Every structure is written in C-alpha cells, then in structure tokens.
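# Summary of structural features
So the chains spell out like this:
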Amino acid sequence: MKSLAFRKTLAAAGISLAALLASHGASFAQEAVFVIATNEVGAPTYNPIKASTLNIGTTLLFDRLVSQDADLSYHPWLAESWEEAPDGMSWIFHLKKGVKFHNGEPFNAETIVKWLELFKASENAYMTKAIAKVEVVDDATVKFVMSNPEPNLLYNFSSSFLSVIEPKSFVELGDNYGVTEVYGTGPFKLESFVVGQETVLVRNDDYAWASPLAKNRGPAKIAKLTLREIAEDSTAFLELKSGGVDMLLGVPTDFLNEVKAQENLEVLTLPGQDVAYMPINVTKEPFTDIKVREAAAKAINQKEILDSVYGGVGEVANTFLISALPEAAIDAKYKISYDPDRSNALLDEAGWAKGADGIRAKDGKPLKVSLWTQSDSSFRRLTEVVQAELKAVGIDSEITTFDSSAIRDQYKSGNQQLAVRSYNWDNADIIDWFFGGDRLGYPNVSMFNDPKAEELRSKAMTGSKNMAERIQNFKAYHEYVLSQFPMAPIYQPVSSVSYNKDRLILPAEIHAPSVAATVVMDIEVKE
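The numbers attached to residues start from 1 for each chain and follow its sequence in the written order. Local features in a predicted model are, by the rule used here, given only for residues with pLDDT of at least 70; side-chain atom pairs are given and counted only at 80 or more, and totals for whole chains, interfaces and linings are based on all residues. Neither water nor hydrogens contribute to the side-chain values; these are computed over all heavy atoms in the structure.

## Considerations on the overall build of the protein
The line we're drawing: A run of DSSP states H or I qualifies as a helix once it reaches four residues; a run of E qualifies as a strand once it reaches two. Both are numbered from the N-terminal end. All radius of gyration figures rest on C-alpha atoms, and the globule criterion is 2.2 Å times the number of residues raised to 0.38. Throughout this description, buried means an accessible area under 20% of the type-specific maximum (1.4 Å probe, protein chains only), exposed means over 50%, and partly exposed covers the range between. Only the protein chains shown count as cover for residues, with accessible areas throughout obtained via the Shrake-Rupley method and a probe of 1.4 Å.
Across its full length, the protein carries 17 helices and 25 strands. Radius of gyration (C-alpha) of the protein: 24 Å, near the 24 Å computed for a compact globule of 527 residues. For the protein, the residues scored as buried account for 58% of the 527 residues in total. As displayed, the protein has an accessible area near 20400 Å², and 50% of this comes from carbon and sulfur atoms.

In structure tokens, the structure reads:
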C-alpha cells in the first residue's frame with residue numbers, strides 16, 4: 001500500500017502525478033486505482049453464493065463457465081464448449097484443463113458438482129434450480145440433467161453470481177469466505193478488503209485461461225489494482241482530476257462536461273444496464289389503494305428528469321426493463337408515463353382532496369409519505385426532483401437519506417413507503433428478483449406479493465421450453481406487474497467510464513457488456 005499512500009499524498013498536496021511518474025514510476029508503474037460505480041458501493045462480501053449485491057472485484061477474483069460479449073452473445077471461458085439436447089432436458093459442458101484456484105486446488109468436473117450443491121443455499125438459487133443433477137462424465141466433462149428446460153442457462157453461467165468458487169476453502173472459512181480470504185481462479189487475488197472503503201487485488205501470475213474475448217490470455221498487465229468506494233460523486237471526480245485515481249467506473253451525467261474538458265481524461269460510453277425507479281410499498285397506507293399507487297407513478301415526469309437532471313443523456317424509462325431487452329417490448333397500454341391529469345383524477349376518486357396549500361388530505365389526514373434514498377449525490381438530486389413532482393399533484397413526501405452501504409438493511413424492515421433507487425442487470429429475470437413474493441423487504445422493496453403475479457412468475461421462470469416462449473412468458477409477467485403499479489420507472493442511463501489517458505491504455509474494442517474482467521485483462525498502465 002506504500003505506493004497508493006504516496007499517490008494520495010501527491011493528490012492532497014496538489015502535485016501533478018504525471019510530472020513525477022518518471023522519478024517514481026518504477027515503484028507503481030504497474031499499479032492502478034479504480035473507483036467503483038456508486039450503485040456497487042457497500043457490497044459486504046466477495047462471496048458470490050451468499051451475496052445479494054456484488055461489485056467489479058468479484059469478476060476479477062473469479063472466472064465463470066461462460067463469457068458474454070458486448071452484443072450479449074455467449075462465448076467459452078472455463079467451459080471450452082457445450083451442447084444442449086434437442087428437448088432442452090440435458091446439457092454437456094466440456095471444461096478447460098490445467099486451471100487452478102488461487103490456493104492451488106484444481107478446477108475440474110468434481111468442482112462443478114460441489115460448487116452447484118453449495119449454490120443451492122444461495123439467495124440466487126433460482127439460477128440453477130432447473131438443474132436436477134450434475135453427472136461427472138470424466139475429469140473435464142459434466143452433464144447437467146434438467147428438471148425442466150432452461151433457455152436462460154448460458155446467461156446464468158455468465159453472471160458474476162455464478163462465479164466458480166473453490167468448494168474446500170468455502171466450507172472451511174464459513175462466513176469469512178469472501179471477507180478475510182477468498183479463492184477463485186480469476187486473474188487477481190485478494191490482498192485486503194475493507195467493506196465500504198477499498199479492496200486491494202494483486203495479480204495472479206499463474207493465470208493462463210482468460211476468456212477468448214480478451215486479447216491477453218496470460219497474467220493481467222496490472223500488477224496491483226485498488227478498488228476504492230467513494231459514495232460522493234464530486235469527491236470521486238476531484239480524485240480523478242487530481243491524479244489520486246486512474247478510473248471512475250461510473251460518471252454521473254452532470255460531470256461529463258467537466259470530465260471532457262480535462263485534457264488528460266477520456267470518456268468511454270457503453271450501453272446502460274441500469275434502470276432508476278421509485279418502488280411503491282403496496283402494504284403501507286395510502287399505497288394499499290391501487291389508485292394512489294397509479295397516481296404517484298404517473299406523477300413522475302421522466303422527460304423532465306432526463307433533461308434537467310441528466311442533461312438529456314440516456315433515455316426515459318417507462319417499463320421496469322432496459323429497452324434493449326425483447327421483454328421490454330410490451331403493449332403500450334402497460335407502459336407507465338407522466339400523466340398529471342390522470343394522477344389528479346385518481347387522487348380525487350380515492351377521496352384525497354387538495355387543500356389551500358396544494359397538499360391533499362382525507363378524513364383530516366394529510367397525504368404525507370416517506371421517500372427513502374441513499375446518500376450519494378446523484379440519488380439525492382434525483383430524489384429532490386421526484387419529491388417536487390409528487391408535490392405537484394398533492395403528495396407531500398419527506399426525504400429520508402441512508403448511507404449507501406446500509407440502505408439495503410433498512411429496506412428489510414419493510415417500513416418504507418416510497419424510495420428512489422436503481423438496479424444494474426440485463427436480463428428479464430430481474431422482475432422475479434425485485435417482485436418475487438418470497439423476497440419481501442429486500443430485494444422486493446415494494447413488498448409486492450400477488451397471487452396472479454406469482455403464477456405468471458412461475459411460468460416465466462420455469463415454464464418455457466425455449467427462448468421464444470421465455471420472452472412471451474416474461475412479457476406477460478412484466479405487463480401484469482406494471483398494471484399493479486408497485487413502482488414507477490424513471491430513467492435509463494448510459495454507462496460512462498472515465499480514465500486518465502496519461503496513465504492507462506484501454507483496448508480499442510470492448511468485448512463485454514461492461515468494464516469487468518475481460519476488459520481489465522487488456523488494460524495497460526503506462527510506464
């Protein structure tokens with residue numbers, strides 16, 4: 001950590017890092033410092049089996065069976081190839097040979113058997129639920145016998161939640177696995193981890209099995225990588241500007257012009273995988289009334305937010321899914337868009353009358369609700385605009401701000417009425433994750449547990465023989481959830497990454513949906 005402390009000292013003193021690289025380059029030329037995106041701040045563990053949220057570090061510590069390109073196509077990784085039976089009831093995976101975990105344990109077919117057995121205890125167990133049995137064909141071949149076809153299996157095996165863990169150390173370390181120690185097969189090893197502050201990773205010099213989507217198949221070009229967690233966007237930007245860090249993995253749109261004005265900074269723009277939305281707790285008055293939920297949802301002016309908060313960068317959201325997904329192409333009548341006339345009419349029908357101060361009341365009780373958000377500045381700005389838009393139709397909302405690393409635990413209390421938050425995911429099964437009736441509190445912040453939704457959920461998750469059926473089933477599930485107004489969609493950002501081009505060289509082409517292991521393998525630190 002000596003060189004990192006030296007760089008922080010330079011930044012604090014206002015000394016140009018670039019000017020001193022020549023004299024001090026040997027001490028940290030192969031080191032880099034990235035700032036984790038704010039929506040990944042506060043991940044409490046690098047244990048992909050027990051975690052409900054993970055950050056980029058997981059993709060660097062672990063590999064997965066399958067890798068995904070920027071166009072969302074699937075490619076080999078720890079699995080060299082695979083075949084699906086015509087009826088979808090079995091898969092054969094051929095594993096890469098010669099792979100070792102950080103602790104020296106071999107990766108082989110028995111690893112898959114033990115790992116997937118342990119994964120049954122995960123909150124994300126739905127991702128492998130369709131696998132009835134894992135059969136070892138030989139040391140480098142496994143057969144998945146399915147209980148039902150799973151058209152989404154390759155996506156699941158490309159997810160960081162299905163990072164391949166080392167089973168022996170996982171059992172031995174218990175809850176310390178992913179916190180004090182962690183062993184994957186990835187290009188980096190864990191040196192230290194302080195929750196909510198930083199993670200220090202060191203290169204796995206034995207690494208020789210990268211995804212073919214990376215040009216570099218050997219050890220990473222970065223010898224030491226520090227991942228800092230900075231919840232305040234302005235602080236992160238100042239660190240990048242002063243040379244204290246080399247890359248911001250998430251740049252808020254209101255900082256883009258400032259970043260672009262710096263000669264030494266470059267901006268990389270990728271398609272977004274985020275949706276910002278307002279969960280509505282359907283179990284808390286007044287939102288037990290669907291009319292009030294719809295009124296609140298349609299009070300949100302997505303276009304105004306896009307223009308005023310985000311400078312027109314990105315897209316409005318009017319469903320729960322990113323628009324690139326086919327399951328987002330629903331019947332227009334289910335899309336949730338700004339309609340203040342409809343909001344006002346619904347509140348009138350529900351018996352909430354506007355007072356002289358513009359705030360509605362019913363039976364002498366004002367329409368005052370809580371509006372939760374997290375502490376980083378981008379969420380605070382968005383929440384203040386949402387507050388004003390709710391007030392315009394007579395809903396008085398009081399903002400409560402929680403630390404970004406603690407708000408998930410607060411949601412588990414179920415006491416929220418409204419909130420402003422976002423997710424990052426590029427698959428329709430995110431609807432199941434945030435609205436499944438068995439996940440109330442968090443991740444189901446809306447506390448939504450509806451019998452018809454559960455029926456449609458089951459069909460979408462397990463009742464599809466092929467991808468075409470899965471898309472149609474998820475469309476039906478998506479439409480019904482939207483019709484019940486457990487949330488209001490707000491905004492779809494692009495993903496903006498900024499880096500110091502005097503320090504880093506990025507690959508000319510990005511073959512991944514986001515900056516993660518495949519991209520980091522090809523990042524060079526300038527001497």
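## Observations concerning the packing of helix α15 (residues 451-462) against helix α16 (residues 467-483)
Any two packed helices are characterised by how steeply their axes cross, that is the angle between the axes, and by the distance between the axes. Stated precisely, the cut-off is as follows: For helices, the fitted axis covers only the stretch in contact; all axes are lines through C-alpha atoms, and the angles between them, taken along N-to-C directions, range from 0 to 180 degrees. Orientation labels follow simple angle bins: below 35 degrees gives roughly parallel, above 145 gives roughly antiparallel, 65 to 115 gives roughly perpendicular, and whatever is left gives oblique. Working rule for handedness: look at the near helix, and if it is turned counterclockwise from the far one by less than a right angle, call the crossing left-handed; if clockwise, right-handed. Here, two residues are considered to be in contact whenever any of their heavy atoms come within 4.5 Å of each other.
Interaxial distance between α15 and α16 falls to 8 Å at its minimum, and their mutual angle equals 160°. Taken as axis vectors, α15 and α16 run roughly antiparallel relative to one another. In the packing of α15 onto α16, the handedness of the crossing is left-handed. Side by side, α15 and α16 meet where Lys452, Ala453, Leu456, Arg457, Lys459, Ala460 and Met461 of the first sit next to Arg470, Asn473, Phe474, Ala476, Tyr477 and Tyr480 of the second.

## Things to note about the pattern of salt bridges
Rules: By definition, a salt bridge exists where a carboxyl oxygen of Asp or Glu is found within 4 Å of a side-chain nitrogen of Lys or Arg.
Tallied over the entire structure, the rule returns 23 salt bridges. Note that Glu239 is salt-bridged to Arg228, the shortest N-O span being 3.0 Å. Of this pair, Glu239 sits in helix α7 (residues 233-242) while Arg228 is found in strand β10 (residues 224-228), placing the two residues eleven residues apart along the sequence. Residue Asp246 is joined to Arg503 by a salt bridge in which the shortest nitrogen-to-oxygen separation is 3.1 Å. Here Asp246 is found in the loop between α7 and β11 (247-248), whereas its partner Arg503 is found in the loop between β23 (495-500) and β24 (504-505), with 257 residues between them in sequence. By relative accessible area, Asp246 is classed as buried at 0%. Here Arg503 falls in the buried class, since its relative accessible area comes to 1%. The network of salt bridges with shared partners includes Asp432, Asp438, Arg439, Glu454 and Arg457.

## Digging into α15
Selection rule: For a helix, the expected span equals 1.5 Å multiplied by the residue count minus one. The arc in question is traced by the directions running from the helix axis to the C-beta atoms.
Helix length check: α15 (twelve residues) gives 17 Å between terminal C-alpha atoms against 16 Å at 1.5 Å per residue, within 8%. For α15, the full list of buried residues reads Ala453, Leu456, Arg457, Ala460 and Met461. End-on, the buried residues of α15 take up no more than an arc of 130°, which puts them together on one face. Turned more than 90 degrees away from the buried face of α15, the exposed residues are Pro451 and Glu455. On the buried face of α15, the contacting elements are α14 (430-435) and α16.

## Digging into the nonpolar core
Where a protein is soluble and globular, its nonpolar side chains tend to be buried together. Operational definition: Nonpolar core, defined: a set of buried Ala, Val, Leu, Ile, Met, Phe, Trp, Tyr and Cys residues in which side-chain atoms within 4.5 Å join the residues together.
In terms of nonpolar packing, the biggest core is built from 146 residues, with Phe34, Leu65, Phe93, Trp115, Phe144 and Phe157 touching the most fellow members. Excluding anything up to four places from it in sequence, Leu65 contacts Pro76, Trp77, Leu78, Ala79, Phe93, Leu95, Phe107, Ile112, Trp115, Phe157 and Val164. Ile230, Leu248, Val251 and Leu265 belong to the second-largest nonpolar core, a separate cluster that totals 13 residues.

## Quick word on the pairing of strand β6 (residues 131-138)
In plain terms, the rule: We treat two strands as partners when DSSP finds at least two bridges between them.
Here β6 pairs with strand β7 (residues 141-146) via six bridges, running antiparallel. Residue pairing across strands places Val134 opposite Phe144, the latter belonging to β7. In this antiparallel pair of consecutive strands, β6 and β7, the connection spans two residues.

## Observations concerning the sheet that holds strand β17 (residues 365-366)
Strand order in the open sheet made by the three strands is β15-β16-β17, with antiparallel pairing throughout. In the strand order of this sheet, the two ends are held by β15 (353-354) and β17, each with one partner. Summarising the sheet, β15 and strand β16 (residues 360-362) pair through two bridges and their orientation is antiparallel. Pairing of Ala353 across the sheet is with Ala361, part of β16.

## A short note on the side chain of Thr45
Where we set the bar: Polar contacts here mean pairs of N or O atoms no more than 3.5 Å apart (in protein, one a potential hydrogen donor and the other a potential acceptor; neighbouring residues in sequence count only if both atoms are side-chain atoms).
Here Thr45 lies in the loop between β1 (31-35) and α3 (56-61). Given the relative accessible area of 11%, Thr45 is considered buried. A polar contact of 3.0 Å, which involves the side chain of Thr45, links it to the backbone nitrogen of Asn47. Those residues in contact with Thr45 that sit more than four places away from it in its chain are Ala51, Leu54, Tyr177, Gly178, Val179 and Phe193.

## Here's the deal with the pairing of strand β13 (residues 274-279)
Most of β13 is tucked away: six of the six residues are buried. Residues Asp274, Ala276 and Met278 line one face of β13 and the alternating positions Val275, Tyr277 and Pro279 line the opposite face, and both faces are buried.

## Points about the sheet that holds strand β21 (residues 421-424)
What the four strands build is an open sheet, ordered β14-β22-β13-β21; its pairing is antiparallel. On the outer flanks of this sheet lie β14 (315-316) and β21, each paired with one strand and no other. Sheet analysis places β14 next to strand β22 (residues 487-492), joined by two bridges and oriented antiparallel. For Val316, the partnering residue across the bridge sits in β22 and is Tyr491. Each of β13, β21 and β22 touches helix α12 (residues 377-392); the most contacted strand, β13, lies at about 45° to it.

## What about the packing of helix α9 (residues 290-297) against helix α11 (residues 340-349)?
Two numbers describe how α9 lies on α11: the axes approach to 8 Å, and their chain directions differ by 155°. Between α9 and α11, the interaxial angle falls into the category roughly antiparallel. Crossing handedness for the pair α9 and α11: left-handed. Judged by residue contacts, Lys291, Val292, Glu294 and Ala295 of α9 engage Arg342, Ser343, Leu346, Leu347 and Glu349 from α11.

## Some points on the packing of aromatic side chains
This is how it is decided: Between rings of Phe, Tyr and Trp, where Trp is taken as its six-membered ring, a pair exists when centres lie within 6.5 Å; planes separated by under 30 degrees are stacked, by over 60 edge-to-face, and by other angles tilted.
Following the criterion strictly, the structure yields 27 aromatic pairs and no others. On the numbers, 5.7 Å between centres and 25° between planes, the contact of Trp82 with Phe93 is stacked. Of this pair, Trp82 sits in strand β4 (residues 79-84) while Phe93 sits in strand β5 (residues 90-95), and the two are eleven residues apart along the sequence. Aromatic ring contacts, followed pair by pair, group Tyr277, Phe320, Trp372, Phe402, Tyr411, Tyr423, Phe434, Phe435, Tyr442 and Phe448 into a single cluster.

These values are about where atoms sit, not about what they do.
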